[in-house]
Amino acid sequence: MDKGNLPFGCIMTGPDDIILLEGENTVITDENMIAHCEINLIKKLSSRVEPHFLEDCTIYTSTEPCAMCAGAIFWSGIGTVVYALGKDAYHRIAGTCDPAHILSMPARDIFDRGGREMVVLGPLMEDEAAACYTKWLNAGR
């Protein structure tokens with residue numbers, strides 16, 4: 001957020017729960033509409049590990065992954081997704097109600113249609129995540 005980007009971030013942990021990598025949203029600073037935190041993390045990660053290693057890894061995201069990011073998470077081979085704030089709660093807080101900018105497909109639906117089992121946990125800590133987003137919005141972002 002301090003860099004002027006939207007308040008989305010994620011981390012990847014390995015099988016031993018040690019943080020391997022962090023990802024941040026850079027849509028504004030990179031002038032790239034698909035530079036979501038999950039996409040940025042997966043791009044950095046893809047050359048660093050073997051695909052089967054990711055089956056035992058977890059991505060923790062500040063918000064439920066959008067359809068694009070859910071697809072990238074699925075195709076990367078990551079085994080577990082944990083997110084704080086659900087999409088519906090985020091859209092209520094942010095006031096993003098323009099149907100042209102909402103792809104109403106829950107991440108779980110995308111993962112459920114894939115050919116491999118994934119663990120999805122969330123929304124978790126919605127009150128804390130909502131407070132963070134509200135603070136960002138009230139700061140005039």
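Preceding this section is the structure that the text describes.
Residues numbered from 1 in each chain as written. Predicted model: local features only at pLDDT ≥ 70, side-chain atom pairs only at ≥ 80, totals over all residues. Heavy atoms only, no water.

### Some details on the overall build of the protein
From N to C terminus, the protein includes 5 helices and 5 strands. Counted from the first residue to the last, the protein has its helices and strands arranged as β-β-α-β-α-β-α-α-β-α. For the protein, the C-alpha atoms occupy an extent of roughly 40 × 30 × 25 Å along the three principal directions. Across the 141 residues of the protein, 42% fall into the buried class. Counting only contacts in the protein whose residues sit at least 6 apart along the sequence, the fraction spanning at least 24 positions is 58%. Put simply, the protein shows about 8,300 Å² of open surface, and 56% of that area lies on carbon and sulfur atoms. The protein carries 11 positive and 20 negative side-chain charges, and their two centres are separated by 4 Å. (Helix = DSSP H or I, 4+ residues; strand = E, 2+ residues; numbered from the N terminus. Buried < 20%, exposed > 50% of the residue type's maximum accessible area, 1.4 Å probe, protein only. Contact = heavy atoms within 4.5 Å. Areas by Shrake-Rupley, 256 points an atom, 1.4 Å probe, with all protein chains shown as cover. Lys, Arg positive; Asp, Glu negative; His and termini not counted. Charge placed at Lys NZ, Arg CZ, Asp CG, Glu CD.)

### Points about the pairing of strand β4 (residues 80–85)
Most of β4 is tucked away, with 6 of its 6 residues classed as buried. Relative to β4, strand β3 (residues 58–63) runs parallel, the two being bridged by 5 bridges. Among the inter-strand pairings, Y60 is bridged to a residue of β4, identified as V82. After leaving β3, the chain enters helix α2 (residues 67–76) and then returns to the sheet as β4, a path that is right-handed. Examined bridge by bridge, β4 and strand β5 (residues 119–121) share 3 bridges and lie parallel to one another. (Pairing = 2+ DSSP bridges. Right-handed = clockwise from strand over helix to strand, strands pointing away.)

### Some words on the packing of helix α3 (residues 87–94) against helix α5 (residues 126–138)
Geometrically, a packed helix pair is captured by the angle between its two axes and the distance between the axes. Contact pair α3 / α5: the axes reach a minimum separation of 10 Å and the direction vectors enclose 30°. Classified by the angle between their axes, α3 and α5 sit roughly parallel to one another. Helix-helix and strand crossings are classified by hand; for α3 and α5 the assignment is right-handed. Residue-level inspection shows A89, Y90, I93 and A94 of α3 in contact with α5, the latter providing E126, A130, Y133, T134 and L137. Residues that form the contact of α3 with α5 fall into these classes: 7 nonpolar, 1 polar and 1 charged. (Axes fitted to C-alpha atoms, helices over the stretch in contact; angles between N-to-C directions. Parallel < 35°, antiparallel > 145°, perpendicular 65-115°, else oblique. Left-handed = near helix turned anticlockwise from the far one by under 90°. Nonpolar A, V, L, I, M, F, W, Y, C, P; charged D, E, K, R; others polar.)

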